[in-house]
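Structural features, examined
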Amino acid sequence: MIIYGNEIAAKIKEEIKAKVDDIAAQGKRKPCLCVILVGDDPASISYVKGKEKACAQIGFASKMIALPNDTKEEELLNIVHACNEDESIDGILVQLPLPKHINAQNIIANIDPKKDVDGLHPVNVAKLYQSRDGFVPCTPQGVMQILKEAKVSLAGKHVVVVGRSHLVGSPVARLLLNENATVTMCHSYTQDLSKITAMADILVVCVGKPRMITAEYVKDGAVVIDVGVNRGEDGKLCGDVDFANVSEKCSLITPVPKGVGPMTICMLLVNTLKAYEGRMNNA
Ligand code: GUN
């Protein structure tokens, strides 16, 4: 069975839109997301446009700050601080990767944790590791939502996560552990990778290598979540999983496109609404 993230995302967006309509009907200010983009990387530009479009669709306000590639770290810090102070902004997202001369960790650490809708600020990372309520990175949260919608039970299951990035692999492993799964993390140094992945009840792949996971990596009846977004040799968008080959063997699988990708933006909207509600309640 194929799990379509775009269908789940559409349903959640409808729910958020209804809440925003309600907010507007009460004459209140709408939630606002601010996206900061530095440089002209085509993939980043396309992601940022997708975020703006999603905000418009559901009635959020959005602000886009596009800066040249040679922006100094100090200038970007000043902009982040101004966004922290700006009462009309609920969520701040600095699109990654940043140009090499800017220390991304330092920029992220300067975002107000209450506006950190990307869930990358050290305070929010710590909250995730302590099972406390905070902002969780969007793609990992999207993976968890897909598993929930597909009614995949996690407690006691062996989940293998391939990839250990700060953006996806590490937080998704922690979220799964928080749901009482037994989690194995694999990465570029892992030996006998296919032997380990073939033991997984649930396999989450986020490595960025087109169609790397073939049938021999997958146990019969496993659940396979493909987080990869790559251009294959044929120029088509494809995941880290060889879909045609693996889908025969597993019980559930997410496709690329229309799988995890659409959930990421959807979770950004969820986080922005949460930031808005948190700020309104504290005001
Ligand atoms: N670049 C690719 N994915 C992401 C993401 O989830 N957040 C940010 N800020 N940048 C990204």
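Below is a short write-up of the structure. (Residues numbered from 1 in each chain as written. Predicted model: local features only at pLDDT ≥ 70, side-chain atom pairs only at ≥ 80, totals over all residues. Heavy atoms only, no water.)

From N to C terminus, the chain includes 10 helices and 10 strands. The C-alpha atoms of the chain give 19 Å as radius of gyration, which agrees with the globular expectation for 283 residues (19 Å, within 12%). Among the 283 residues that make up the chain, the fraction classed as buried is 47%. Within the chain, contacts between residues at least 6 apart in sequence are counted, and of these 70% link residues at least 24 apart. Surface exposure of the chain reaches about 13,700 Å², of which carbon and sulfur atoms provide 52%. Averaging the positions of the 32 positive and the 33 negative side-chain charges in the chain gives two centres separated by 3 Å. (Helix = DSSP H or I, 4+ residues; strand = E, 2+ residues; numbered from the N terminus. Rg over C-alpha atoms; globule rule 2.2 N^0.38 Å. Buried < 20%, exposed > 50% of the residue type's maximum accessible area, 1.4 Å probe, protein only. Contact = heavy atoms within 4.5 Å. Areas by Shrake-Rupley, 256 points an atom, 1.4 Å probe, with all protein chains shown as cover. Lys, Arg positive; Asp, Glu negative; His and termini not counted. Charge placed at Lys NZ, Arg CZ, Asp CG, Glu CD.)

Below, the discussion takes up the side chain of Q141. Examined against the element boundaries, Q141 turns out to sit in helix α6 (residues 138-149). Judged by its relative accessible area of 19%, Q141 falls in the buried class. With residues up to four places along the chain from it excluded, the contact list for Q141 reads V136, L175, M267, V270 and N271.

The next subject is the site of the ligand. Looking at the ligand, the residues that line it are L93, V94, Q95, L96, D118 and L167. Backbone polar atom of L96 to a nitrogen atom of the ligand: 2.9 Å apart, as the coordinates give it. In the model, a nitrogen atom of the ligand is placed 2.4 Å from a nitrogen or oxygen of the D118 side chain. For the ligand, the accessible surface in isolation is 280 Å², of which the surrounding protein chains cover 83%. Here the shell around the ligand is composed, by residue class, of 4 nonpolar, 1 polar and 1 charged. (Near = heavy atom within 4 Å. Polar contact = N/O pair within 3.5 Å; in protein donor to acceptor, adjacent residues only side chain to side chain. Nonpolar A, V, L, I, M, F, W, Y, C, P; charged D, E, K, R; others polar.)

Here the focus is a nonpolar patch on the surface. A cluster of nonpolar side chains, Y47, V229 and L237, forms an exposed patch at the surface whose accessible area comes to about 270 Å². In this structure, V229 sits in the loop between β7 (223-226) and β8 (230-231). Note on V229: relative accessible area 46%, which makes it partly exposed. (Patch = residues over 30% accessible without salt bridge, like charges linked within 9 Å, V, L, I, M, F, W, Y side chains within 5 Å. Salt bridge = Lys/Arg side-chain N within 4 Å of Asp/Glu carboxyl O.)

Residues L147, L176, V204 and I225 are the most contacted members of the largest nonpolar core, which totals 51 residues. Per-element tally for this core: the top contributor is helix α10 (residues 261-282), with 8 residues. For I225, the contacting residues outside a window of four places in its chain are V143, I146, L147, L203, V204, V205, T254 and V260. Of all hydrophobic cores here, the second largest spans 17 residues; its members include I36, V38, L67 and V80. (Core = buried A, V, L, I, M, F, W, Y, C linked by side-chain atoms within 4.5 Å.)

Right, let's talk about helix α3 (residues 73-85) for a bit. With 13 residues, α3 should reach 18 Å at 1.5 Å per residue; the first-to-last C-alpha distance of 18 Å fits that figure. Those residues of α3 that sit buried are L76, L77, V80, C83 and N84. End-on, the buried residues of α3 take up no more than an arc of 120°, which puts them together on one face. Relative to its buried face, α3 has exposed residues pointing more than 90 degrees away, namely E74 and E85. At its buried positions, α3 is contacted by β1 (32-38), β2 (61-67), β3 (91-94) and α4 (104-109). (Expected span 1.5 Å × (residues − 1). Arc of directions from axis to C-beta.)

Here the focus is the sheet that holds strand β4 (residues 158-162). With parallel pairing, 5 strands are arranged side by side in an open sheet as β5-β4-β6-β7-β10. Each of the sheet's edge strands pairs with one partner strand only, and the pair in question is β5 (182-186) and β10 (252-253). Examined bridge by bridge, β4 and strand β6 (residues 202-205) share 4 bridges and lie parallel to one another. Among the inter-strand pairings, V161 is bridged to a residue of β6, identified as V204. Contacting β4, β5 and β6, helix α7 (residues 169-178) crosses the sheet at an angle of about 165° to β5. (Pairing = 2+ DSSP bridges. Axes fitted to C-alpha atoms, helices over the stretch in contact; angles between N-to-C directions.)

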